[in-house]
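Below are the chains, spelled out letter by letter.
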Amino acid sequence: MKILHIIPIFCLVFVSCEDLDVENLNSPDTETVLSDSDGIESITAGLFKFWFSVGHDSSYDFGTETPARAMWYMADCGTVFWSNFGAVDLSMEPREAYINDVTYPYHWVGEAYYKNMYDVLTSSTDVINILDNGMQIGGNGENTDMVKAVAYFTQGLANGYLGLIFDKSVLISSIADYETMEFSSYKDVVAKGIEQIEKAIEICENSEFILPTSWIPGDEWSNVELARLAHSYIARLLVYSSRNATQNSQVDWTKVLEHTEKGITKDFAPLGDGVADSWKSYFHLKTVAPGWGKIDMRIVNMLDPNIPSTFPESGLYTDLPNNGLAISDDQRLHLDFEYDTENSRPDRGYYRWSTYRYKRLDDYINNDGINKRIIDFRLSENELLMAEAKYNLGDYAGAATIINNGTRITRGGLTTIGNTKEEVWNAIWYERNIELILSGIGIEYFDMRRFDQLQKGTMLHFPVPAQQLQLIPAEIYTYGGEFGVPGEDVSIGGWK
């Protein structure tokens, strides 16, 4: 089955690409860009920003939506009563099938992300190919390794995230793939992404450079720090690609431990500029701003088990203990959450209502993201992945030490835990649900998916977008509700 998928390299400067039809790499425009070392360095400078901005929905234009919000609501971490981003449709109770049709108003939720990842993927591949053919970047080639490391990193991220979100995609790792492109399973795509990021790490370990501050603003990223970031992303891909609890138990936890131990030592949080199509996150600005999405009662219940995990079907706050005002020893209840009884659209179900919103991102929201950090990979996430690896390898004491030195104590002010298997696991699960809210896209969804906690009928991955299937052509399919293989494509039952 062939698919036509080559993106002009100039798409990385945010020129809209209407489809993924093949462009001849020897065309004048592309040849001009690829033949100039300054042009190659400039293209590479935008690779990571474009990958990041696509995930965080930096433009907020119709037709560029990311699936990040929908996944947040599908995971029952957040709840919403507005239909934007397909959020209402994808969080219906009971769950319904995703409408994989080009006439569906929110078909862009999956389609735009799929296409934009190919912008990153093919442009990264083009850069690597040119460098492999001998082009040197900078005076005496001093920037060649830096450019190549970033290109491999973004190539791997693009493949990796296509594998995290979609059931299959066209695996691209070299120019030769453009002629024989076939769909590969998400497992193969994630594996290839990890392999490519490992190449970036190898370059970083044998080079010395510091990224220009404009490439990832806010912090200095040397070859050493970039390698640490790459290790952490590999840990993400290894863990979050699981579609069910069985697969999660089969993760190579030794590798996860190795990568997290070599991972980040600080938050990965680029400094935002508040400029659309640049370092800006509408994912953060428009997900939990007042009047938009709220925290699902499932999370409120974790903070205070006396509060029900779903809003009363009566729609009455008086049917909740203390009118839904939570009480908890966890200091984050007041640091990160705000009691808020504003709800709307009861016609869309009282199960969407909540008594809390998430306020941890308010500094970013209130300043429109200008000179504020865009959280994507918290140090605490790397630590929790490390603790989970130790837990799965039977080192409960080691996992407990990480937890007791982490955010459970430093931010939550909770008591230390012991070394029993049950205590350790309960603490890991609690911290992941409370501490990592709205950091990297999809984390909550990936977590609920890999532990069989997504509500019955929730799709476990997105299908290839209908527009792309029409280009092949191939039969259009979908997941969710009654569609898909139970336990592999669609959840057979979860927390509720």
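The structure this text deals with has already been given above.
The shown structure was predicted, so the numbers you read here are calculated from the model rather than taken from an experiment.

Visitor: Before we go on, may I ask you to explain the layout of surface pockets in this structure?
Guide: Empty pockets left among the atoms are what a rolling probe the size of a water molecule brings to light. Looking at the second largest pocket, its volume works out to about 290 Å³. In terms of lining, the second largest pocket is formed by 13 residues, of which the most central are Lys187, Leu238, Ser241, Ser242 and Val251. At the level of secondary structure, the elements contributing two or more residues to the lining of the second largest pocket comprise helix 7 (186–205) and helix 8 (223–240). Across the lining of the second largest pocket, the residue classes break down as seven nonpolar, four polar and two charged.

Visitor: Help me understand the pattern of salt bridges in this model?
Guide: A side chain with one charge may pair with a side chain of the opposite charge, provided their charged atoms come close. Inspection of every chain in the model, using the stated rule, returns 24 salt bridges. A salt bridge links Lys280 to Asp368; the nearest nitrogen and oxygen atoms lie 3.2 Å apart. Placement of Lys280 in the loop between strand 4 (271–273) and helix 11 (282–285) and of Asp368 in the loop between helix 14 (362–366) and strand 8 (370–373) is noted, with a sequence separation of 88 residues between them. The salt bridge partner of Asp363 is Lys372, with a shortest N-O separation of 3.2 Å. Residue Asp363 is classed as partly exposed on the basis of its relative accessible area, which comes to 45%. The class for Lys372 is partly exposed, based on a relative accessible area of 23%. When salt bridges with common partners are traced through the structure, they connect Asp330, Arg332, Asp336, Arg360, Arg411, Glu431 and Glu435 into a single cluster.

Visitor: Just to check I follow, could you spell out empty space enclosed by the protein for this structure?
Guide: For the coordinates displayed, the defined rule picks out nine cavities of 30 Å³ or more. The space that makes up the largest cavity amounts to roughly 70 Å³. The residue inventory of the lining of the largest cavity, partitioned by class, reads three nonpolar, three polar and five charged.

Visitor: What is the right way to read the packing of helix 8 against helix 10 (residues 253–261) from this model?
Guide: In the contact formed by helix 8 and helix 10, the axes pass within 8 Å of each other and the chain directions differ by 155°. When the interaxial angle is binned, helix 8 and helix 10 end up roughly antiparallel. Remark: the crossing between helix 8 and helix 10 carries left-handed chirality. Contact with helix 8, carried on its side by Arg228, His231, Ser232, Ile234, Ala235, Leu238 and Val239, involves Trp253, Lys255, Val256, His259, Thr260 and Glu261 of helix 10 and no other residues of that element. Grouping the constituent residues of the contact of helix 8 with helix 10 by class yields six nonpolar, four polar and three charged.

Visitor: Can you walk me through the packing of aromatic side chains in this structure?
Guide: Centre distance and the angle of the planes are the two values used to describe a pair of aromatic rings. For the structure on display, the rule yields 34 aromatic pairs. Aromatic side chains Trp51 and Tyr161 sit 5.3 Å apart centroid to centroid with 75° between the ring planes, which places their arrangement in the edge-to-face category. You can see Trp51 sitting in helix 2 (residues 37–55) and its partner Tyr161 sitting in helix 6 (residues 144–165), a full 110 residues away along the chain. Residue class for Trp51 comes out buried when judged on its relative accessible area of 4%. A ring pair is formed by Phe153 and Tyr233, whose centres lie 5.9 Å apart and whose planes are at 70°; its orientation type is edge-to-face. Here Phe153 is found in helix 6, whereas its partner Tyr233 is found in helix 8, with 80 residues between them in sequence. Across this residue pair, the class does not change: Phe153 and Tyr233 are buried. An aromatic cluster of three or more residues is present, and its members are Phe48, Trp51, Phe52, Phe153, Tyr161, Trp221, Tyr233, Phe268, Trp279 and Phe377. When the ring centre of Tyr186 is taken as reference, the NZ or CZ atom of Arg243 above it lies at 3.6 Å. In this arrangement the basic side chain of Lys266 is found over the ring face of Trp221, its NZ or CZ atom lying 4.5 Å from the centre.

Visitor: Looking at this structure, I do not really get the environment of Gln196. What am I missing?
Guide: Turning to its location among the elements, Gln196 is positioned in helix 7. Measuring from C-alpha to C-alpha, the distance between Gln196 and Phe153 comes to 6.6 Å, with 43 residues separating the pair along the chain. When near neighbours in sequence (up to four residues on either side) are disregarded, Gln196 contacts Tyr152, Gln155, Gly156, Asn159, Ile172 and Ser173. A distance of 2.9 Å separates a polar atom in the side chain of Gln196 from a polar atom in the side chain of Asn159.

Visitor: Sorry, what's going on with unusual backbone geometry here?
Guide: One can expect most non-glycine residues to show negative phi and most peptide bonds to be in trans. Backbone torsion omega between Glu93 and Pro94 reads -5°, so that peptide bond is classified as cis. Tracing the backbone shows Pro94 in the loop between helix 4 (87–90) and helix 5 (108–132). Look at Asp76: it is not a glycine, yet its phi comes out positive at around 55°. Relative to the elements of secondary structure, Asp76 occurs in the loop between helix 3 (68–74) and strand 1 (78–79).

Thresholds, definitions, all that
- Residues numbered from 1 in each chain as written.
- Predicted model: local features only at pLDDT ≥ 70, side-chain atom pairs only at ≥ 80, totals over all residues.
- Heavy atoms only, no water.
- 1 Å grid on protein atoms, 1.4 Å probe; cavity = no way out; pocket = protein on both sides within 12 Å on 5 of 7 lines; lining within 4 Å.
- Points joined across faces, edges and corners; volume = space filled by probe spheres on them.
- Helix = DSSP H or I, 4+ residues; strand = E, 2+ residues; numbered from the N terminus.
- Nonpolar A, V, L, I, M, F, W, Y, C, P; charged D, E, K, R; others polar.
- Salt bridge = Lys/Arg side-chain N within 4 Å of Asp/Glu carboxyl O.
- Buried < 20%, exposed > 50% of the residue type's maximum accessible area, 1.4 Å probe, protein only.
- Axes fitted to C-alpha atoms, helices over the stretch in contact; angles between N-to-C directions.
- Parallel < 35°, antiparallel > 145°, perpendicular 65-115°, else oblique.
- Left-handed = near helix turned anticlockwise from the far one by under 90°.
- Contact = heavy atoms within 4.5 Å.
- Phe/Tyr/Trp six-rings, centres within 6.5 Å; stacked < 30°, edge-to-face > 60°.
- Lys NZ or Arg CZ within 6 Å of the ring centre and 35° of its normal.
- Polar contact = N/O pair within 3.5 Å; in protein donor to acceptor, adjacent residues only side chain to side chain.

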